[in-house]
Amino acid sequence: VTAAGPGLVIVGEEKGLPTGIVPAVWISVDGLTWSRVPHDEAFFGVDGGFMSSVTVADSDLVAVGATGGLGSLGAVWVATPEN
């Protein structure tokens, strides 16, 4: 979990595509109620995977994990949070 934008961000994985798990992001403004960011194949990828950590660098969110299902490859995602 990290503080970013108007609240908090947490990353992980969720069952989704036929390949099993997909990278996932949830956001919260108060730490009590969380909303999942919709899965966007252009950003998250289509081959499964997971995010294991997130931090803020300058004004961007940077998450690390893996993509590619069983043949996982290291991955880095970068996004600018909305304020």
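Everything quoted here is computed from the prediction, not taken from an experiment.

Our next topic: the overall build of the protein chain. In terms of regular secondary structure, the protein chain is built from 1 helix and 7 strands. What you see in the protein chain, going N to C, is helices and strands ordered as β-β-β-β-α-β-β-β. Considering the protein chain as a whole, with its 83 residues, one finds that 29% of them fall into the buried category. Residue pairs at least 24 apart in sequence account for 31% of intrachain contacts in the protein chain once pairs closer than 6 positions are excluded. Accessible surface for the protein chain amounts to roughly 5000 Å². Of this, 58% is attributable to carbon and sulfur atoms.

This paragraph deals with the side chain of threonine 2. The residue threonine 2 is located in strand β1 (residues 2–4) in this model. Classification of threonine 2 by relative accessible area gives buried; the value is 14%. Setting aside anything within four residues of it in sequence, one finds threonine 2 in contact with Gly7, Leu8, Val9, Val54, Thr55, Val56 and Leu61.

Under the definition given, this model contains 1 salt bridge. The closest approach of N and O atoms between arginine 36 and glutamate 14, which form a salt bridge, is 2.4 Å. Of this pair, arginine 36 sits in strand β4 (residues 35–36) while glutamate 14 sits in strand β2 (residues 7–15); the two residues are 22 residues apart in sequence, bridging distant segments of the chain. Given the relative accessible area of 25%, arginine 36 is considered partly exposed.

For the rest of this paragraph, the subject is the pairing of strand β3 (residues 21–28). By the criterion of burial, β3 is predominantly enclosed, with 6 of the 8 residues buried. Where β3 and β4 come together, 2 bridges link them in antiparallel fashion. By the bridge assignment, tryptophan 26 is partnered in β4 with arginine 36. Connecting the antiparallel pair β3 and β4 is a turn made up of 6 residues, with glycine 31 showing a positive phi of about 80°.

For the rest of this paragraph, the subject is the environment of leucine 8. Here leucine 8 lies in strand β2. Overall, leucine 8 belongs to the partly exposed group, its relative accessible area being 27%. Separated by 22 residues in the primary sequence, leucine 8 and aspartate 30 have C-alpha atoms spaced 7.6 Å apart. Not counting residues up to four positions away in its chain, the partners in contact with leucine 8 are Val1, Thr2, Ala3, Trp26, Ile27, Ser28, Gly31 and Trp34.

Evaluated as defined, the whole model comprises 1 aromatic pair. Relative to phenylalanine 44, the ring of phenylalanine 43 lies with its centre 5.1 Å away and its plane at 85°, an arrangement referred to as edge-to-face. Overall, phenylalanine 44 belongs to the buried group, its relative accessible area being 5%.

Conventions adopted
Residues numbered from 1 in each chain as written. Predicted model: local features only at pLDDT ≥ 70, side-chain atom pairs only at ≥ 80, totals over all residues. Heavy atoms only, no water. Helix = DSSP H or I, 4+ residues; strand = E, 2+ residues; numbered from the N terminus. Buried < 20%, exposed > 50% of the residue type's maximum accessible area, 1.4 Å probe, protein only. Contact = heavy atoms within 4.5 Å. Areas by Shrake-Rupley, 256 points an atom, 1.4 Å probe, with all protein chains shown as cover. Salt bridge = Lys/Arg side-chain N within 4 Å of Asp/Glu carboxyl O. Pairing = 2+ DSSP bridges. Phe/Tyr/Trp six-rings, centres within 6.5 Å; stacked < 30°, edge-to-face > 60°.

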